[in-house]
Amino acid sequence: MKKILKGAIAGVALLLAPFTQAAMVTQWDYSVTLAWAGWNFGAGSGTQATGPSLLTWGDPSGNHAVAGGGRSGLGITESPANGIVNTNGPFALTNIITHYNNPISSSYATLTSASLQSTLLLTPLNPAGSALDLLVANFNINFIETPNQSPCPFPSLSVCDDIFVISTDALNASFDYNGFTYFISIIETSGSLNPMDAATCAQAGIVGPCLGFKTQENQFTDAQFAFLITTEPVTIVAAPGVLALMGLGLMALVGVRRRKQLVA
């Protein structure tokens, strides 16, 4: 009887082993890279400079980073952004997009659209495990360098604000790892990106609602991105200072596969 009982206990232990070995990841190492992957300019003169971290246009001798410098631009900084994020913990800061808005001649070619590419790498730290597959996604940007004349066909603080719109329906994403489902929510912490009115969306060539920002002439707008990982879905509503945004590549986490190497 003792032998039978011991055998039964051993059998139960073997059955339970697969369920007791896995543990929820409580801490992750992350690396988020943001880059311009494509761009389109309208007709006109002037010069355009393009690269992974900066797009500029306008006066060939101008300076986008100086107010009134004769060139406008869209720049990316803090990329790659590396750090550690805790599951169900505070958000982790990632990349920054800056719009440099300077008045330029109406004869210059200006940016009309761009493609933003985000690459995310997550590696479990506690418990340690193999990195997830590298995740890459592209997001479309609509951009309008508006004529500096009144009246503006949309609400504007200057004559007229330039418009940046990023089109996406994804506020949250999820992925499975080692038997657990995790949720990622992307937020913008500087309060720059917000839902915009129908007239502004239409000016950018999008049927509203749309998400973006407007920048006054001779002003610069920073959009600071961040993300958090949770074990339950998070609903974030638009509010000053914290806005649920889009995937920026993280939306590709839906259905992401772990590597073949399993966490012991």
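1. Some points on the overall build of the protein chain
Next up, step 1: On a plain count of helices and strands, the protein chain comes out with two helices and 15 strands.
Next up, step 2: Taking all 264 residues of the protein chain together, 44% fall into the buried category.
Next up, step 3: Within the protein chain, contacts between residues separated by at least 24 positions form 72% of all contacts whose residues are at least 6 apart in sequence.
Next up, step 4: Counting only carbon and sulfur atoms, one obtains 58% of the accessible surface of the protein chain, whose full area is about 12,700 Å².

2. Comments concerning the packing of aromatic side chains
Next up, step 1: Inspection of the entire model under this criterion finds 10 aromatic pairs.
Next up, step 2: For the pair W57 and F143, a centre-to-centre distance of 5.4 Å together with 70 degrees between the ring planes defines the contact as edge-to-face. With W57 in strand β3 (residues 54-58) and F143 in strand β8 (residues 135-144), the pair connects residues that are 86 residues apart, well separated along the chain. Comparing W57 with F143, the two get one shared label, buried.
Next up, step 3: Judged by centre distance (5.0 Å) and plane angle (70 degrees), the ring pair of Y100 and F220 falls under edge-to-face. Highlighted residues: Y100 in strand β6 (residues 92-101) and F220 in strand β14 (residues 219-230), separated in sequence by 120 residues.
Next up, step 4: A relative accessible area of 35% means that F220 is categorised as partly exposed.
Next up, step 5: Feature note: the residues W28, F175, Y177, F180 and Y182 constitute an aromatic cluster, connected by ring pairs.

3. Examining the pattern of salt bridges
Next up, step 1: Going through the model one piece at a time under the given rule, you end up with one salt bridge.
Next up, step 2: K214 is the salt-bridge partner of D197, the closest N and O atoms lying 3.8 Å from each other. Of this pair, D197 sits in the loop between β12 (194-196) and α2 (198-203) while K214 sits in strand β13 (residues 210-215), and the two are 17 residues apart along the sequence.
Next up, step 3: The exposure class of D197 is partly exposed, given its relative accessible area of 29%.

4. A short note on the state of the cysteines
Next up, step 1: In this structure the tally under the stated criterion is two disulfides.
Next up, step 2: One disulfide in the model links C152 with C160; its S-S distance is 1.5 Å. Judged by the torsion about the S-S bond (-125 degrees), the C152/C160 disulfide is left-handed.
Next up, step 3: Covalent S-S linkage joins C201 and C210, the inter-sulfur distance amounting to 2.1 Å. Taking the torsion about the S-S bond as the criterion, the C201 to C210 disulfide, at about -95 degrees, is left-handed. C210 carries the same exposure label as C201, and that label is buried.
Next up, step 4: With its bonded cysteines labelled in order along the sequence, the protein chain shows the pairing 1-2, 3-4.

5. Section: the environment of G212
Next up, step 1: Structurally, the position occupied by G212 is in strand β13.
Next up, step 2: Given a relative accessible area of 2%, G212 falls into the buried group.
Next up, step 3: Linking G212 and T200, residues 12 residues apart in sequence, is a C-alpha distance of 9.6 Å.
Next up, step 4: Setting aside its immediate chain neighbours within four residues, G212 contacts F164, V165, S192, L193, N194 and M196.

6. Some thoughts on the nonpolar core
Next up, step 1: One finds W36, I97, L116 and F164 to be the most contacted residues of the largest nonpolar core, which totals 21 residues.
Next up, step 2: Of all elements in the fold, only β1 (27-41), β3, β4 (71-77), β7 (111-126), β8, β9 (162-166) and β14 reach the threshold of two or more residues within this core.
Next up, step 3: With 17 residues, the next largest nonpolar core counts V25, L122, L135 and F227 among its residues.

7. Looking at the side chain of D161
Next up, step 1: Within the element layout of this structure, D161 appears in the loop between β8 and β9.
Next up, step 2: When sequence neighbours within four positions are dropped, the list of residues in contact with D161 reads T146, F154, S156, K214, T215 and Q216.

Parameters at a glance
- Starting from 1, residues in each chain are numbered consecutively following that chain's sequence as written.
- Local features in this predicted model are restricted to residues of pLDDT 70 or higher, and side-chain atom pairs are both shown and tallied only at a pLDDT of 80 or more, whereas totals for entire chains, interfaces and linings draw on every residue.
- Hydrogens are left out, water is left out, and the side-chain values use all remaining heavy atoms of the structure.
- The helix count covers DSSP runs of H or I at least four residues long, the strand count covers runs of E at least two residues long, and both are numbered beginning at the N terminus.
- Per-residue accessibility, obtained with a 1.4 Å probe over protein chains only, is compared with the maximum for each type, and a residue is labelled buried under 20%, exposed over 50%, and partly exposed between these values.
- Contact definition: two residues touch when any of their heavy atoms are within 4.5 Å.
- Here the accessible surface of atoms and residues is derived via Shrake-Rupley with a 1.4 Å probe, and residues count as covered only by protein chains that are part of the display.
- By convention, a stacked pair of Phe, Tyr or Trp rings (six-membered ring in the case of Trp) has centres within 6.5 Å and planes under 30 degrees apart, an edge-to-face pair has planes over 60 apart, and any other such pair is tilted.
- Salt bridge criterion: a side-chain nitrogen from Lys or Arg within 4 Å of a carboxyl oxygen from Asp or Glu.
- Here, a disulfide means two cysteine sulfur atoms that sit within 2.5 Å of each other.
- Put simply, a nonpolar core is a bunch of buried Ala, Val, Leu, Ile, Met, Phe, Trp, Tyr and Cys residues held in one set by side-chain atoms that sit within 4.5 Å of each other.

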